[in-house]
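Okay, here's what each chain looks like letter by letter:
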Amino acid sequence: MTSLELEERYSRQMLFPGIGAEGQRKLAQARIAMVGCGATGSVLASLLGRAGVGTIRIIDRDYVESSNLQRQSLFDESDAAESLPKAIAAARKIAAFNSQIVVEPHIADLNPANIETLLAGVKLILDGTDNFETRYLMNDYAVKFSLPWIYIAALGSYCATLNVLPGKTACLACIFPESPRGALATCETAGILNSVVNLVASLAATEALKLLTGAGDHLRHTLLSFDLWGNERSEIVADRPRLGCRACGQHEFVHLTGEGRPHITLCGRNSVQIHEHHRPLNLAQMSERLQPHGAVRHNDFVLKFWQEPYEMTLFPDGRAIIKGTTDTAVARSLYARYVGS
Ligand SMILES: [Zn+2]
């Protein structure tokens, strides 16, 4: 693409005085990470990809299902039918509307063991997760390495967002030393409106544009939240670190050392994730092995195995998501029986 074509593509954005030609150049050079690419992640990746952010690394552990389509705007029915990993589906969609930027998909669950590798070289981290465990992990990493990140949450008709600029603003642990009340509610138990997702992701995408184009003076220094059904809006000042904060005050990065998280129960949907067997799997071979024991289907990215009442999804890195139980012992024994110990 010639520079003239590039100028044409981004012309309406470059006409906006806050961005201009210089801002557009900075966006093209920027490298960001999207941790989680579900509802808010879809909108963020779409907005920032269209805006011309040069490199977007997408880290997501999950695959597309039909219950995602109501709000996860990067995905369609064929992605759900194929159980395509969200990172892969997102990369394909972004390439279709902007082939000039780089998307780096990683099918992975961000954890203390892989966070340094997965977030290496990025300038900004965006929170597209649905859980506080991963958010505290990102917060510790960001504060330790003085990297900005944006907290983004949406549930029911409620949403909230906060820019974390280590050393300048409050961090997540300044505001929520412990997971906030109600954090255990999930999209599956409390539901979610797609309009709320779009609102909060748009707010965060705008903050990301300010940050990446060097318009730091315009960044918001509050925890901003909305309840769109209840017509409420609130803002909490977050313009400095809290004295005595575990993370930014005392530099106790407990979540970075939190090794051995053996199992995670996913988003309240009667499933268990096993990620303690970091042993690569050959999905084609595994498919043949499982054939006599139940229905099985695979593509390059995932293998699905059904054995009533369970559904097991295997990823090439050896990770598994087992649906139909929240009993980790049951999940573990299924995995051991069919995949290996
Ligand atoms: Zn703090």
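Residues numbered from 1 in each chain as written. Predicted model: local features only at pLDDT ≥ 70, side-chain atom pairs only at ≥ 80, totals over all residues. Heavy atoms only, no water.

Focus: empty space enclosed by the protein
Which parts of space are left empty comes out when a probe the size of a water molecule is rolled across the atoms. Where we set the bar: Cavities and pockets are defined on a 1 Å grid built over the protein atoms alone: a cavity is a set of grid points where a 1.4 Å probe fits but cannot escape, while a pocket is an open set with protein on both sides within 12 Å along at least five of seven lines, and lining residues are those with an atom within 4 Å of any such point. Grid points are joined across faces, edges and corners, and a volume is the space filled by probe spheres set on the points. Where helices and strands are cited, they refer to DSSP runs of H or I of at least four residues and of E of at least two residues respectively, numbered from the N terminus. Three categories are distinguished: nonpolar for Ala, Val, Leu, Ile, Met, Phe, Trp, Tyr, Cys and Pro, charged for Asp, Glu, Lys and Arg, and polar for the others, with Gly belonging to the last.
Taken as a whole and assessed by the stated rule, the structure comprises 2 cavities of 30 Å³ or more. Of the voids in this model, the largest cavity is the one considered here, and its volume is about 40 Å³. Forming the walls of the largest cavity are F305, W306, Q307, Y310, E311, M312, L334 and Y338. Elements that contribute at least two residues to the lining of the largest cavity include exactly β12 (303-307), β13 (310-314) and α13 (328-338). When grouped by side-chain class, the residues that make up the lining of the largest cavity number 6 nonpolar, 1 polar and 1 charged. Quantified by volume, the second largest cavity comes out at close to 40 Å³.

Thoughts on the side chain of R71
Put simply, the rule reads: Two N or O atoms form a polar contact when they lie within 3.5 Å of each other; inside protein one atom must be a possible hydrogen donor and the other a possible acceptor, and for residues adjacent in sequence the pair counts only when both atoms belong to side chains. For this analysis, residues touch if any pair of their heavy atoms sits within 4.5 Å.
Secondary-structure assignment places R71 in the loop between β2 (55-60) and α5 (77-82). A distance of 2.9 Å separates a polar side-chain atom of R71 from the backbone oxygen of S67. With residues up to four places along the chain from it excluded, the contact list for R71 reads A39, I192, N194 and V197.

Considering the nonpolar core
Just so we agree on the cut-off: We define a nonpolar core as any set of buried Ala, Val, Leu, Ile, Met, Phe, Trp, Tyr and Cys residues linked to one another through side-chain atoms lying within 4.5 Å. For every residue, the accessible area (1.4 Å probe, protein chains only) is compared with the maximum for its type, and the residue is labelled buried under 20%, exposed over 50%, or partly exposed between those bounds.
Counting residues in hydrophobic clusters, the biggest one holds 52 residues, and the most contacted among them are L44, L48, I58 and L126. For this core, the elements supplying multiple residues, two or more each, are β1 (31-35), α4 (39-51), β2, α6 (86-97), β4 (124-127), β5 (149-155), α11 (194-212) and β7 (222-227). Broken down by element, the residue count for this core peaks at 10 residues, all from α11. When neighbours within four sequence positions are excluded, L126 is seen to be in contact with I32, A33, M34, V35, L44, L48, I150 and A208. Counting 37 residues, the second-largest nonpolar core is a separate cluster that includes L118, F132, Y151 and C174.

Focus: the coordination of the zinc ion
To keep it simple, the criterion reads: We call an atom a donor if it is N, O or S and sits within 2.8 Å of the metal, or 3.2 Å for Na, K and Ca. Water is not counted, so some sites may look partial. For a four-donor site, all angles between 85 and 135 degrees give tetrahedral; for four or six donors, opposite pairs above 155 degrees with the remaining angles between 65 and 115 give square planar or octahedral; all remaining cases count as irregular.
Only C171 (SG), C174 (SG), C245 (SG) and C248 (SG) from the protein coordinate the zinc ion, and they sit 2.2 to 2.3 Å from it. Of note is the zinc ion, whose 4 donor atoms meet at the metal with angles of 96 to 119° in an arrangement that counts as tetrahedral. Positions of the donor residues of the zinc ion, expressed as sequence spacing, correspond to C-x2-C-x70-C-x2-C. For the residue pair C171 and C174, the accessibility class agrees, reading buried in each case.

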